[in-house]
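Here is what each chain is made of, one letter per residue.
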Amino acid sequence: MSLLEIEGLTQGFGEKVLYENASLRVNKGDHMGLTGQNGVGKSTLIKIMTGEILPDEGKITWQNNSKVGYLDQYMEVTGNLTIKDFLQQAFQPLYKLERQIMELYETYGELGDEKLLERAGNLQMKLDESPFYRIESIIKDLANGLGIQAIGMDRFLNELSGGQRSKVILAKLLLEEPDVLLLDEPTNYLDDTHIQWLTGYLNQFKGSFILVSHDYNFLNHVSNCICDIEFGKLTKYAGNIDKSFLQKEKNKESYLKQYHAQQAKIEKSEAYIRKYKEGNRATMAKSRQKQLNRLERLTPPGSIMKPKFSFPYEPIVSTLGVVTNKLEIGYKKPLLAPINLSIHSGEKIAIKGFNGIGKSTLIKTLVDIIQPLNGEIQYPANTKINYFSQDLTWENSYLTPLTYLNNQFPKSTIKERRTYLAKSGLPEKLVTQPLRLLSGGEQTKVKLCELMMISSNILFLDEPTNHIDVVAKESLKQAIWDYQGTVLIVSHEEEFYSEIVDRIINFEEMV
């Protein structure tokens, strides 16, 4: 029996239909990548699997007693716990077993009942066979692998950044060792070293997993099958990304031929019905109408909008873009040694280093969101800054993209706002949907759209590729390349920025 069976799944939000009578089977040992363009419903499908969202139609059946672990980066965590305390919660059943043994020994001391001693011995044997006495080393090894040790195991959860918090939640999930892992963009807040560690971990994982990621290089190394969402259907392919997408292209060509052939047949039948619905051939026309009514129509392919990002440049006369002198960044104490940066005007720089080292903190300090602890930041006169934050948080998530942009740019016309949203790859039917109903990739496109409406000569980009698909990444890469101003980019995807930057600054060399 399969681990998971999805049958007759139909789901939509407003006018947006994600899946229509879709089916999928997940077997034991499947290391499945979940792929598709932004907005096709990858994250929604994961939430349907967990029961967080109830489908409009369809049946979701898990194998009995399957232990399912879900990476929810937005889960509520108790702020007064340290990282170490939180990770130890993954072993609660074993700690509970230890307490039971201690209670049995205490009761035996009071009553002297040999049966209590025998029961305690049986439980102790069970504890000895478990990893209980290796918990500390297991946690330490995994924390090292994901870069959590560098954050500090005694740090409280409410002191962590969003990225740090997500890593800790991922660590706890892996420590729990469920039968099935449901992972939605697990690499978003991991640097190259920790992605490599996670790749090795998932390849050795004995259970099954379903993984959403727009990092196709990562997916290619960890998946043995792919579920691709397109045309409202879930299609499963054997093999990794490279093998699956070759088959996908063949299937796509075949599907389009079938769709167009069916449309031609429908048009021909409808023309016949209109012409002969009255008169001698009315009976034949009614017969054809019944055939049409019974016809299982193929889902229209739709037109996937390809974004065309571009960032307007405000000319500036200067040889330098930004200079820092003995700059100390952090919150209560410096994260790094004093930073002395000298970036030339028009230069494109990538910043790399493990998560929590201070990359985002530097960007926020340079754009004046966080005050420096010490040192100076110097910009030339007439500097115009444009900034992309990795956080998908909105002051009012019930606003539509059109309304949000109207609030940001009250002098803009509705035609201008619609045009920019279209250039960002957001379909017309989504520009009037609340932001909260958009996928992570669609929300990111709204944020990038906002950048397109601001002229600047220095651009700060903090993990801009976290939620967007391959097509959008290519357009963004081209836009950064074409931009005439200075660019400072933080990204964990080296293959994204390596061809477009002039140099790379490695923060790990500053520790």
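Computed from a predicted structure; not experimentally measured.

Draft legend 1. Looking closely at helix α10 (residues 282–294). Over its 13 residues, α10 runs 19 Å from end to end, which matches the ideal 18 Å to within 8%, given 1.5 Å per residue. Elements in contact with the buried residues of α10: α9 (241–276).

Draft legend 2. Highlighting the nonpolar core. In this structure, Ile83, Leu87 and Leu202 are the most contacted members of the largest nonpolar core, which totals 49 residues. At seven residues, the largest contribution of residues to this core is made by helix α6 (residues 162–176). When residues no more than four places from it in sequence are discounted, the contact partners of Ile83 are Ile148, Ile151, Gly152, Met153, Arg155, Leu157, Leu160 and Val168. Core analysis: the second largest hydrophobic core is formed by 25 residues, Leu34, Leu45, Ile48 and Met49 among them.

Draft legend 3. Spotlight on the sheet that holds strand β1 (residues 4–13). The three strands are arranged β2-β1-β4 in an open sheet whose pairing can be described as antiparallel. This sheet does not close on itself; its edge strands, each paired only once, are β2 (16–26) and β4 (57–62). Ignoring which end each strand starts from, the neighbouring axes of this sheet average 20° apart. With seven bridges connecting them, β1 and β2 associate as antiparallel partners. Bridge pairing links Ile6 to Leu24 in β2.

Draft legend 4. Molecular detail of the sheet that holds strand β6 (residues 180–184). Strands sit in the order β5-β6-β7-β3-β8-β9 across an open sheet of six strands; the sheet is mixed. Two strands close off the open sheet at either side, each with one partner strand: β5 (68–71) and β9 (233–238). Put simply, the sheet's adjacent strands are angled 15° from each other on average, direction ignored. In the sheet, strand β3 (residues 31–35) pairs with strand β7 (residues 208–212) via four bridges, with the strands oriented parallel. The partner of His31 across the bridge, within β7, is Phe209.

Draft legend 5. Region of interest: the environment of Lys252. When you line up the elements, Lys252 lands in helix α9. For the pair formed by Lys252 and Glu98, sequence separation is 154 residues and the distance between their alpha carbons is 56 Å. Filtering out sequence-adjacent residues up to four positions away, Lys252 remains in contact with Glu230 and Phe231.

Draft legend 6. Representation of the environment of Thr199. Note that Thr199 resides in helix α7 (residues 192–204). The class of Thr199 is buried, set by a relative accessible area of 15%. Residues Thr199 and Leu219, spaced 20 residues apart in sequence, show a C-alpha to C-alpha distance of 8.8 Å. Once you skip the residues sitting within four places of it in the chain, Thr199 turns out to touch Phe218, His221 and Val222.

Draft legend 7. Quick peek at the domain arrangement of the protein chain. Domain annotation for the protein chain reports domain 1 (249–294) and domain 2 (320–506). Taking the mean C-alpha position of each, domain 1 and domain 2 sit 51 Å from one another.

Draft legend 8. How the structure looks around empty space enclosed by the protein. Per the counting criterion, the structure on display carries two cavities of 30 Å³ or more. What the largest cavity holds in volume is close to 40 Å³. Along its surface, the largest cavity is lined by Ile316, Leu320, Gly321, Ser345, Pro380, Thr383, Asn457, Ile458 and Thr486. Grouping the constituent residues of the lining of the largest cavity by class yields four nonpolar, five polar and no charged. Space inside the second largest cavity adds up to approximately 30 Å³. Within the lining of the second largest cavity, the residues separate by chemical class into four nonpolar, one polar and one charged.

Draft legend 9. A look at unusual backbone geometry. With a phi close to 50°, Glu177 is a non-glycine residue in the positive phi region. Tracing the backbone shows Glu177 in the loop between α6 and β6. On the basis of relative accessibility, which here comes to 58%, the residue Glu177 falls in the exposed class. For Lys326, which is not glycine, the phi torsion reads 50° and is therefore positive. Residue placement: Lys326 occurs in strand β10 (residues 320–328). On the basis of relative accessible area, Lys326 is assigned to the exposed category, the value being 55%.

Draft legend 10. Summary view of the pairing of β3. In terms of burial, β3 is largely enclosed, as five of its five residues are buried. Because side chains alternate across β3, one face comprises the buried residues His31, Gly33 and Thr35, and the other comprises Met32 and Leu34, equally buried.

Thresholds applied
Residues numbered from 1 in each chain as written. Predicted model: local features only at pLDDT ≥ 70, side-chain atom pairs only at ≥ 80, totals over all residues. Heavy atoms only, no water. Helix = DSSP H or I, 4+ residues; strand = E, 2+ residues; numbered from the N terminus. Expected span 1.5 Å × (residues − 1). Contact = heavy atoms within 4.5 Å. Core = buried A, V, L, I, M, F, W, Y, C linked by side-chain atoms within 4.5 Å. Buried < 20%, exposed > 50% of the residue type's maximum accessible area, 1.4 Å probe, protein only. Pairing = 2+ DSSP bridges. Axes fitted to C-alpha atoms, helices over the stretch in contact; angles between N-to-C directions. Domains from an automatic or database assignment. 1 Å grid on protein atoms, 1.4 Å probe; cavity = no way out; pocket = protein on both sides within 12 Å on 5 of 7 lines; lining within 4 Å. Points joined across faces, edges and corners; volume = space filled by probe spheres on them. Nonpolar A, V, L, I, M, F, W, Y, C, P; charged D, E, K, R; others polar.

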